[in-house]
Amino acid sequence: MRVFVTGATGYIGGSVADRMLRTGHQVTGLARSPEKARMLERLGVTPVLGTLDDQALLAEQAQAADAVVNAADSDHPGAAEALVEALAGSGKPLLHTSGSSIVGTDSRGEPSGETFGEEIFDPESSWRPADDKEARVAIDRYVLAASGRDVRTVVLCNTLIYGHGRGLSRDSVQIPALVRQAHKSGTVRRIGAGRNIWSNVHIDDVADLYLLALDAAPAGSFYFVENGEASFADITAAIAEALGLGPAEAWDITAAIQEWGYEAAVFALGSNSRVRGERARAQLGWRPRHTSVLDWIKNELTKD
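This report concerns the structure included in the present document. Because the structure is a prediction, the values reported are computed rather than measured.

With four bridges connecting them, strand β2 (residues 26-31) and strand β3 (residues 46-49) associate as parallel partners. Looking at β3, one finds that Thr28 is bridged to Thr46. Handedness of the crossover joining β2 and β3 through helix α2 (residues 34-43): right-handed.

Written as structure tokens, this is what we have:
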């Protein structure tokens, strides 16, 4: 199958592209610079120079492909619209990447809800996204609705992803941000008490699910992508041990925002995002192989 991947130079898209190449698919990837294009080519990906704002180019590549994976930017409505319009009436798969901060709570290192653990979501749950996430949810719904226009649309809503990337980009978002700050300051820091919890999943298991969804996901499917969960208190303690540093320390939200920015501090590192991915297991036979982010930090974080 010929697959067009946006975000092929990134962490998720690059790992998905690698998995598809290894299973015999032909992959074309979007690259923003000649240098990145040459790097993709060395990996076996056919590069196309452009950006998500090049809607005519996106449409051309989508129509030339047998399937599309949109993994570049969950918050770019123009790209989603261009791909949907190009694929309308084709019956082709469009796998769109979202993120589980759409159910995130502004809890600043504390549990969410009046009763600890009550806010755990599956695809059937209803929730009101935070104001900052309404636009992303609107894009997800737009993509899903395109199943009514004969596009086999699938939204994969990833949780905290860990593991080294298989493409050009090695690092994910949350754990590397904590590690970089620790290297800079000599102290691992969490937001508040770190009692906030995120569901998580290994990048190899993410790539496996994209491959399964490409082959068999029904049109209009939404999947949370998770295989376990951990608190940021436990994650930062494991990072401190792996790096040979002293105990992790609490940071107030103001200092955290100064270091990481509002989006990363409040949503990526300070919120709760607890979901369940049973639909992917039941419908697609997804069987994640990696079970513990804490074990990965202990055994793999510092390896090249």
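There is more to say, and it comes next.
Across the sheet, seven strands lie side by side as β3-β2-β1-β4-β5-β6-β10; this open sheet has parallel pairing. Sheet topology places β3 and β10 (221-225) at the edges, where each strand pairs with a single neighbour. Strand-to-strand twist across the sheet, computed as the mean angle between neighbouring axes with direction ignored, equals 20°. Note: strand β5 (residues 93-99) against strand β6 (residues 152-158), seven bridges, orientation parallel. The partner of Pro93 across the bridge, within β6, is Arg152. Taken strand by strand, helix α1 (residues 11-22) contacts β1 (2-6), β2, β4 (67-70), β5 and β6, and its axis lies near 160° from that of β2. This element, helix α3 (residues 55-64), spans β1, β2, β3 and β4 of the sheet and lies at about 155° to β1.

Time to look at helix α9 (residues 253-260). Those residues of α9 that fall on the buried side of the exposure criterion are Ile253, Ala256 and Trp260. Taken around the axis of α9, the buried residues stretch over an arc of 60°, which confines them to a single face. Within α9, the exposed residues directed more than 90 degrees away from the buried face are Thr254 and Gln258. Of the surrounding secondary structure, the elements contacted by the buried residues of α9 are α6 (174-185), β8 (189-191), β12 (249-251) and α10 (262-269). The residue sitting at the N-terminus of α9 and contributing the capping side-chain oxygen is Asp252; that oxygen lies 3.1 Å from the backbone nitrogen of Thr254.

Another aspect to go through is the sheet that holds strand β11 (residues 229-231). Strand pairing within a sheet occurs via backbone hydrogen bonds; the two strands may be parallel or antiparallel. Pairing within the open sheet is mixed, and its three strands lie in the order β7-β9-β11. Strands with a single pairing partner mark the edges of an open sheet, and in this sheet they are β7 (160-162) and β11. Strand-to-strand twist across the sheet, computed as the mean angle between neighbouring axes with direction ignored, equals 45°. Across three bridges, β7 lies against strand β9 (residues 197-202) in parallel orientation. Opposite Leu160, over in β9, you have Asn200 as the bridge partner.

A separate point is the nonpolar core. With 34 residues, the main nonpolar core has Met20, Val69, Leu95, Leu156 and Tyr210 as its most contacted residues. By residue number, the principal contributor to this core is helix α7 (residues 203-216), which donates seven residues. For Leu95, the contacting residues outside a window of four places in its chain are Val68, Val69, Asn70, Val154, Leu156, Tyr210, Ala213 and Leu214.

Another point: the pairing of β10. Looking down a regular strand, the side chains alternate between one sheet face and the other. Judged by how many residues are buried, β10 sits mostly within the fold: five of five residues are covered. A two-sided burial pattern is seen for β10, the buried positions comprising Ser221, Tyr223 and Val225 on one face and Phe222 and Phe224 on the other. Sheet topology note: the β6/β10 ladder contains five bridges and is parallel. Counterpart to Val155 in the pairing with β10 is Phe222.

Note on placement: Thr187 falls in the loop between α6 and β8. Leaving out residues up to four positions away in the same chain, Thr187 has contacts with Gln181, Ala182, Leu245, Pro247 and Glu249.

Another aspect to go through is α6. For α6, built from twelve residues, the straight-helix expectation of 16 Å at 1.5 Å per residue is met to within 8% by its first-to-last C-alpha distance of 17 Å. Remark: Gly186 follows α6 within two positions and exhibits a positive phi of approximately 85°.

When their charged atoms lie close together, side chains carrying opposite charge are able to pair. Under the counting rule described, the total for this entry stands at 21 salt bridges. Arg166 is paired through a salt bridge with Asp204; the nearest N and O atoms lie 2.6 Å apart. Separated by 38 residues along the polypeptide, Arg166 in the loop between β7 and α6 and Asp204 in helix α7 bring together distant segments of the chain. Note on Arg166: relative accessible area 44%, which makes it partly exposed. In this structure, the salt-bridge partner of Glu259 is Lys184, at a minimum N-O distance of 2.9 Å. With Glu259 in helix α9 and Lys184 in helix α6, this residue pair connects regions lying 75 residues apart in the sequence. Relative accessible area serves as the criterion here: at 60%, Lys184 is assigned to the exposed category. Residues participating in the shared-partner salt-bridge network are Arg19, Asp205, Asp208 and Arg289.

Conventions adopted
- Residues numbered from 1 in each chain as written.
- Predicted model: local features only at pLDDT ≥ 70, side-chain atom pairs only at ≥ 80, totals over all residues.
- Heavy atoms only, no water.
- Pairing = 2+ DSSP bridges.
- Helix = DSSP H or I, 4+ residues; strand = E, 2+ residues; numbered from the N terminus.
- Right-handed = clockwise from strand over helix to strand, strands pointing away.
- Axes fitted to C-alpha atoms, helices over the stretch in contact; angles between N-to-C directions.
- Contact = heavy atoms within 4.5 Å.
- Buried < 20%, exposed > 50% of the residue type's maximum accessible area, 1.4 Å probe, protein only.
- Arc of directions from axis to C-beta.
- Polar contact = N/O pair within 3.5 Å; in protein donor to acceptor, adjacent residues only side chain to side chain.
- Core = buried A, V, L, I, M, F, W, Y, C linked by side-chain atoms within 4.5 Å.
- Expected span 1.5 Å × (residues − 1).
- Salt bridge = Lys/Arg side-chain N within 4 Å of Asp/Glu carboxyl O.

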